[in-house]
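Listed below are the residues making up each chain.
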Amino acid sequence: MIKRTVMRSGRSLLAATMLASAAILAAAPACADDAVTLSLEIKDHRFDPAELHAPPGKPITLRVKNASSIAAEIESSDMHFEKVIAAGAEATIRVRPLQPGRYNFFDDFHHETQGVLVVP
Amino acid sequence: MLPSLLIVFREVFEAGLIIGIVMAVTSSVPGRGLWVAGGVIAGVLGACVVALFTGGLSELFGGSGQELFNAGILGFAVLMLGWHNVWMARHGREMAAEMRAAGQAVVTGSKSLAALAVVVMIAVLREGSEVVLFLYGVAAAQGGADLSMAAGGAVGLVLGAIVCLLTYLGLITIPTRYLFAVTSTLITLLAAGMAAQAIAFLQQANILTVFDETVWNTSWLLSDSSLLGRALHTLIGYVDQPTAMQLIAYAATLAVILVLMRLFAVPPAQRPRAA
């Protein structure tokens, strides 16, 4: 008897958690159309350009082409992304609107490959 | 040689910590070696498949395939870890009692072993696919695998395996009566950290945009990309710049697992008198 009640409350708790997470997912607004698109390439262990500029408060789309013959993992703690890009492949990274500042990014496979996004 | 050593070590090290914990968690269950080995082999095969299809994978779902895949398998690992802990809260005591009466323990233990084998597989798959991609890239760039790259990779693998072994040996020195408490705490933190990481991938894919502001920045103190930062990231989910949603997911995972463990634990009345 006791066991059954415990099991049931456990299950309804799980259901409540799932409902809550579904609600959060549904509440997420559709992505904005006024995104700023910036393109860069990775080649010879360098980002080209190594310094990017973007306006504050606008979503940013980074188009990254890995023009080298080796896989790269573009990563940024400042902007919260990490993405593996196979040799010769291209990837899209969406960055949420940023406050003014300098945001670093790097290739986690080759730490000498460093770049910065400047928001005035 | 050095770059391939470092990359391979870093990735194997992260998977090695998780395998070491799983080995310690299951140290009393007979037959766990096969399950863990099975998880590693499945993970290595999976890593090769994922590496092979990385290009195609990232183009799925409007360029967010990689993020969704990572979030999905991390979420699955969180469920497996949580389920294991809840299951152990209920059956751990029986298992400890019947441990020496072999046969029985194999049957009761294998369910929770399967969940942990899946966790091992996911850890190896995630870290391994990066190793495969990296080494393949190096090999392709140099027109075929050369000896120094292979040597670097091998040394990295051995060093990573040593981390796994040390984690395991360190944990099993803990006296048996505390081991259960320590390992279930480790598993719970591991799950919470993975949940926060899954959230990071969903935010990156722009699927989750609420509460996405950075709450604090401790990169001056301990960076995510340092070795200690990486170890803590794997073990307890340390992030130097967490978003509010990551913190919410972390706290919620901790709370849900702890509450479920308590709810499903053997009620005091049924518990054998204190040993």
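Analysis parameters
- Residues numbered from 1 in each chain as written.
- Chains lettered and ligands numbered in written order.
- Predicted model: local features only at pLDDT ≥ 70, side-chain atom pairs only at ≥ 80, totals over all residues.
- Heavy atoms only, no water.
- Helix = DSSP H or I, 4+ residues; strand = E, 2+ residues; numbered from the N terminus.
- Buried < 20%, exposed > 50% of the residue type's maximum accessible area, 1.4 Å probe, protein only.
- Areas by Shrake-Rupley, 256 points an atom, 1.4 Å probe, with all protein chains shown as cover.
- Pairing = 2+ DSSP bridges.
- Axes fitted to C-alpha atoms, helices over the stretch in contact; angles between N-to-C directions.
- Parallel < 35°, antiparallel > 145°, perpendicular 65-115°, else oblique.
- Left-handed = near helix turned anticlockwise from the far one by under 90°.
- Nonpolar A, V, L, I, M, F, W, Y, C, P; charged D, E, K, R; others polar.
- Patch = residues over 30% accessible without salt bridge, like charges linked within 9 Å, V, L, I, M, F, W, Y side chains within 5 Å.
- Salt bridge = Lys/Arg side-chain N within 4 Å of Asp/Glu carboxyl O.
- pLDDT = per-residue confidence, 0-100.
- Contact = heavy atoms within 4.5 Å.
- Core = buried A, V, L, I, M, F, W, Y, C linked by side-chain atoms within 4.5 Å.
- Arc of directions from axis to C-beta.

1. Overview of the overall build of chain B
Thinking step 1. A count of helices and strands for chain B gives nine helices and zero strands.
Thinking step 2. Relative to its 275 residues, chain B shows a buried fraction of 53%.
Thinking step 3. As presented, chain B carries roughly 12600 Å² of accessible surface, and 74% of it is formed by carbon and sulfur atoms.

2. Topic: the sheet that holds strand E6 (residues 81-85) of chain A
All names here are of chain A.
Thinking step 1. Taken together, five strands build an open sheet; the order of strands is E3-E9-E8-E5-E6 and the sheet is mixed. Each edge of the sheet is formed by a strand with only one pairing partner; in this case those strands are strand E3 (51-53) and E6. On average, each strand axis in the sheet is tilted by 20 degrees relative to the strand beside it, whichever way the strands run.
Thinking step 2. Bridge count for strand E5 (residues 72-76) against strand E8 (residues 101-107) is two bridges, and the pairing is antiparallel. In the strand pairing of E8, Ile 74 is matched with Asp 107.

3. Remarks on the side chain of Thr 113 of chain A
Thinking step 1. Along the chain, the position of Thr 113 of chain A falls in strand E9 (residues 110-119).
Thinking step 2. With a relative accessible area of 1%, Thr 113 of chain A lands in the buried category.

4. A look at the packing of helix H1 (residues 2-25) of chain B against helix H6 (residues 147-172) of chain B
Residues and elements named next belong to chain B.
Thinking step 1. Packing of H1 against H6 leaves a shortest axis separation of 7 Å and a crossing angle of 25 degrees. By the angle between their directions, the pair H1 and H6 is classed as roughly parallel. Handedness of the crossing formed by H1 with H6: right-handed.
Thinking step 2. Looking at the contact of H1 with H6 residue by residue, the classes come out as 20 nonpolar, nine polar and no charged.

5. Quick look at a nonpolar patch on the surface
Thinking step 1. A surface patch of nonpolar side chains, amounting to about 400 Å² of accessible area, comprises Val 155, Val 158, Leu 159, Ile 162 and Leu 166 of chain B.
Thinking step 2. Following the sequence through the fold, Leu 159 of chain B ends up in helix H6.

6. Some remarks on the confidence of the model for chain B
Residue and element names in this part refer to chain B.
Thinking step 1. Considering every residue of chain B, the mean pLDDT works out to 85; 88% of them sit at 70 or more.
Thinking step 2. Across chain B, helix H9 (residues 244-264) holds the top mean pLDDT of 95, while helix H3 (residues 54-63) sits lowest at 79.
Thinking step 3. Taken together, the chains of this predicted complex give a pTM of 0.81 and an interface ipTM of 0.72.

7. Re the confidence of the model for chain A
Residue and element names in this part refer to chain A.
Thinking step 1. Summary statistics for chain A give a mean pLDDT of 79 and a share of 72% for residues scoring 70 or more.
Thinking step 2. Across chain A, the secondary-structure element scoring lowest on mean pLDDT is helix H1 (residues 2-27), at 52, and the one scoring highest is E3, at 95.
Thinking step 3. Every residue in residues 1-8 is under pLDDT 50, and counting partners more than four places away or in other chains gives five contacts.
Thinking step 4. Confidence drops under a pLDDT of 50 for residues 26-32, and excluding neighbours within four residues, the segment shows six contacts in the predicted structure.

8. What about the nonpolar core?
Thinking step 1. Counting residues in each nonpolar core, the largest one holds 47 residues, and the members touching the most others are Ile 18, Ile 19, Leu 81 and Met 194 of chain B.
Thinking step 2. For this core, the elements supplying multiple residues, two or more each, are H1, helix H2 (32-52), helix H4 (65-98), helix H5 (104-141), H6, helix H7 (176-204) and H9 of chain B.
Thinking step 3. Looking at this core element by element, the count peaks at 10 residues for H7 of chain B.
Thinking step 4. Among all residues touching Leu 81 of chain B, those that are not within four sequence positions of it are Leu 116, Val 119, Ile 187, Leu 190, Ala 191 and Met 194 of chain B.
Thinking step 5. Among the nonpolar cores identified, the runner-up in size contains 40 residues, and Met 79, Leu 98 and Val 119 of chain A together with Val 8 of chain B belong to it.

9. Regarding the pairing of strand E1 (residues 36-43) of chain A
Residue and element names in this part refer to chain A.
Thinking step 1. Of the two faces of E1, the one holding Val 36, Leu 38, Leu 40 and Ile 42 is buried and the one holding Thr 37, Ser 39, Glu 41 and Lys 43 is not buried anywhere.
Thinking step 2. Bridge count for E1 against strand E4 (residues 60-66) is seven bridges, and the pairing is parallel. Looking across to E4, one finds that Thr 37 is bridged to Thr 61.
Thinking step 3. In the sheet, E1 pairs with strand E2 (residues 46-48) via three bridges, with the strands oriented antiparallel. Among the inter-strand pairings, Lys 43 is bridged to a residue of E2, identified as Arg 46.
Thinking step 4. Here E1 hands over to E2 after two residues, with Asp 44 in that stretch at a positive phi of 50 degrees.

10. So, the sheet that holds strand E7 (residues 90-95) of chain A
Residues and elements named next belong to chain A.
Thinking step 1. Ordered by their spatial adjacency, four strands build an open sheet running E2-E1-E4-E7, and the pairing between neighbours is mixed. Two strands bound the open sheet, and with one partner strand each, they are E2 and E7. Strand after strand, the sheet turns through a mean of 25 degrees between neighbouring axes, direction not considered.
Thinking step 2. Note: E4 against E7, six bridges, orientation antiparallel. Counterpart to Lys 65 in the pairing with E7 is Glu 90.

11. Comments concerning the pairing of E5 of chain A
All names here are of chain A.
Thinking step 1. In terms of residue burial, E5 counts as a mostly covered element, since five of its five residues are buried.
Thinking step 2. Alternating residues of E5 divide into Ala 72, Ile 74 and Ser 76 and Glu 73 and Glu 75, and every residue in both groups is buried.
Thinking step 3. Counted between consecutive antiparallel strands, the loop separating E5 from E6 contains four residues, among which His 80 sits at a positive phi close to 60 degrees.

12. What to know about H3 of chain B
Thinking step 1. Along H3 of chain B, the positions that sit buried rather than exposed are Thr 54, Leu 57, Ser 58 and Gly 63 of chain B. For H3 of chain B, the angular spread of the buried residues around the axis is 120 degrees, confining them to a single face.

13. Considering the environment of Val 40 of chain B
All names here are of chain B.
Thinking step 1. In this fold, Val 40 is placed in helix H2.
Thinking step 2. Counting along the chain gives 82 residues from Val 40 to Ile 122, while the straight-line C-alpha distance between them is 8.8 Å.
Thinking step 3. In contact with Val 40, not counting residues within four places along its chain, are Ile 19, Val 120 and Val 124.

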